[in-house]
Amino acid sequence: MIKEKIASTIHPVIKEISHRWSPRAFSDKPVEQEQLLSVLEAARWAASSRNEQPWRFIVARKGDAHYSNLFKGLNEWNAQWAFTAPVLIVVLAKKEFKPNRPNQHSWHDTGLAVGNLLVQATHLGISAHQMGGIHPEIITANFHINPNEYDVISVIALGYQDEKRLAELNESYRELEYKPRERKPLNEIVFGSKMGKAPVWLK
Ligand SMILES: Cc1cc2nc3c(=O)[nH]c(=O)nc-3n(C[C@H](O)[C@H](O)[C@H](O)COP(=O)(O)O)c2cc1C
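Here is what the cut-offs are and how they apply
Residues numbered from 1 in each chain as written. Predicted model: local features only at pLDDT ≥ 70, side-chain atom pairs only at ≥ 80, totals over all residues. Near = placed C-beta within 6 Å. Nonpolar A, V, L, I, M, F, W, Y, C, P; charged D, E, K, R; others polar. Pairing = 2+ DSSP bridges. Helix = DSSP H or I, 4+ residues; strand = E, 2+ residues; numbered from the N terminus. Axes fitted to C-alpha atoms, helices over the stretch in contact; angles between N-to-C directions. Contact = placed C-beta atoms within 7 Å. Buried ≥ 20, exposed ≤ 12 C-beta atoms within 10 Å, placed from the backbone. Left-handed = near helix turned anticlockwise from the far one by under 90°. Expected span 1.5 Å × (residues − 1). Core = buried A, V, L, I, M, F, W, Y, C linked by C-beta atoms within 7 Å.

Chemist: I keep staring at the site of the ligand and nothing clicks. Help me out?
Modeler: The immediate surroundings of the ligand are formed by Trp 21, Ser 22, Asn 78, Gln 130, Met 131, Gly 132, Gly 133, Ser 154 and Arg 181. Each residue belonging to the shell around the ligand can be placed in one class, and the counts come to two nonpolar, six polar and one charged.

Chemist: Any chance you could explain the sheet that holds strand β6 (residues 150-159) here in plain terms?
Modeler: One key point about sheets: their strands pair by backbone hydrogen bonds, in either a parallel or an antiparallel sense. Strand order in the open sheet formed by four strands is β1-β2-β6-β5, with antiparallel pairing between adjacent strands. Looking along the sheet, the strands with just one partner apiece sit at the ends: β1 (55-61) and β5 (127-131). Averaged over neighbouring strand pairs, the angle between their axes works out to 25° when direction is ignored. Pairing of β5 with β6, which is carried by five bridges, proceeds in the antiparallel orientation. Residue pairing across strands places Met 131 opposite Val 155, the latter belonging to β6. Where helix α5 (residues 106-123) meets the sheet, it contacts β1, β2 (87-94), β5 and β6, and its direction lies at approximately 150° from that of β2.

Chemist: Help me understand the pairing of β6, please; the structure alone is not making it clear to me.
Modeler: Consecutive residues of a regular strand have side chains that alternate between opposite faces of the sheet. Burial within β6 is extensive, with eight of its ten residues counted as buried. Across eight bridges, the pairing between β2 and β6 is antiparallel. Paired with Val 90 across the strands is Val 155, a residue of β6.

Chemist: Just to check I follow, could you spell out the packing of helix α2 (residues 33-44) against α5 for this structure?
Modeler: Think of two packed helices as two axes; the pair is described by the angle between the axes and how far apart they sit. With their axes 7 Å apart at the nearest point, α2 and α5 run at an angle of 145° to one another. Between α2 and α5 lies a crossing of right-handed hand. Side by side, α2 and α5 meet where Ser 38, Val 39, Ala 42 and Ala 43 of the first sit next to Ala 113, Val 114, Asn 116, Leu 117, Val 119, Gln 120 and Ala 121 of the second. Of the residues belonging to the contact of α2 with α5, the class tally is eight nonpolar, three polar and no charged.

Chemist: Would you mind going over α2 with me for this structure?
Modeler: What sets the pattern is the α-helix's 3.6 residues per turn: residues three or four places apart point alike. For α2, built from twelve residues, the straight-helix expectation of 16 Å at 1.5 Å per residue is met to within 8% by its first-to-last C-alpha distance of 16 Å. Check the buried side of α2 and you find it contacts β1, β2 and α5.

Chemist: How do you make sense of unusual backbone geometry when you look at a structure like this?
Modeler: Note: most peptide bonds trans; most residues except glycine with negative phi. One non-glycine residue, Gln 53, lies in positive phi territory at about 55°. Within the secondary structure layout, Gln 53 lies in the loop between α2 and β1. Taking the number of C-beta atoms within 10 Å as the measure of exposure, Gln 53 has 17 and is therefore partly exposed. Positive phi values are uncommon outside glycine, yet His 144 reaches one of about 55°. Looking at His 144, the number of C-beta atoms within 10 Å reads 6, which means it is exposed.

Chemist: What is the right way to look at the nonpolar core in this model?
Modeler: Inside soluble globular proteins, nonpolar side chains tend to come together where they are buried. Core analysis: the largest hydrophobic core is formed by 39 residues, its most contacted members being Leu 88, Ile 89, Val 90, Leu 117, Val 155, Ala 157 and Leu 158. Among the elements of the structure, α2, β1, α4 (76-82), β2, α5, β5 and β6 are those that each provide at least two residues to this core. Apart from the residues lying within four places of it in its own chain, the contact partners of Leu 88 are Ala 60, Leu 70, Phe 71, Ala 82, Val 155 and Ala 157.

Chemist: Just to check I follow, could you spell out the environment of Ala 46 for this structure?
Modeler: Following the sequence through the fold, Ala 46 ends up in the loop between α2 and β1. The spatial distance from the C-alpha of Ala 46 to the C-alpha of Leu 117 is 9.1 Å, given a sequence separation of 71 residues.

Function-wise, these values are silent; they only describe arrangement.
Now the structure itself:
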């Protein structure tokens with residue numbers, strides 16, 4: 001674990017949160033089927049509006065015939081590091097509860113499922129890096145997705161983080177790998193009597 005990447009939290013949180021970060025260099029070691037199933041199971045048990053479970057995942061492991069079809073959906077910036085990841089997962093959201101009944105929480109709830117997936121992965125010592133830098137239209141075509149039914153949101157690179165693999169990446173990615181993680185302070189995101197005003201109990 002790269003020490004700069006552990007969150008320096010002001011208030012205590014569980015390890016699965018403080019130790020999660022998004023690496024760009026993964027080991028060749030495949031993710032065991034049992035572990036892969038566990039992270040997907042964690043996603044499956046997320047909460048969702050009306051228990052609709054709008055999340056969908058397309059999984060490709062290196063060596064699967066459809067892996068290159070998925071890889072072609074990454075933009076150039078991401079393709080240059082994500083080739084190290086043994087697993088790629090497309091995240092999709094079902095747009096409607098039923099025809100003409102839009103689910104306004106589909107992305108929110110899909111995010112909850114991905115959050116669960118990340119927590120379970122971290123618990124198992126597996127890292128994940130989400131990518132919005134994708135070509136949804138390529139993924140849509142390559143996997144015969146009906147765009148009226150599903151939004152292609154992101155792709156997750158999954159695997160075991162491996163510092164040694166950084167040698168294969170160009171320098172800009174290597175630098176990012178050691179950059180400390182930062183977050184806005186609580187008083188910029190938590191409010192009391194009105195928007196923008198932090199509650200008195202917030203230190
Ligand atoms: C929806 C989403 C899209 C992202 N897209 C990309 C991306 O295209 N390429 C990339 O290198 N990182 C991407 N990231 C990773 C973020 O940059 C990263 O999560 C953020 O900088 C915080 O770092 P941490 O995850 O290590 O805490 C994305 C993250 C999320 C949640």
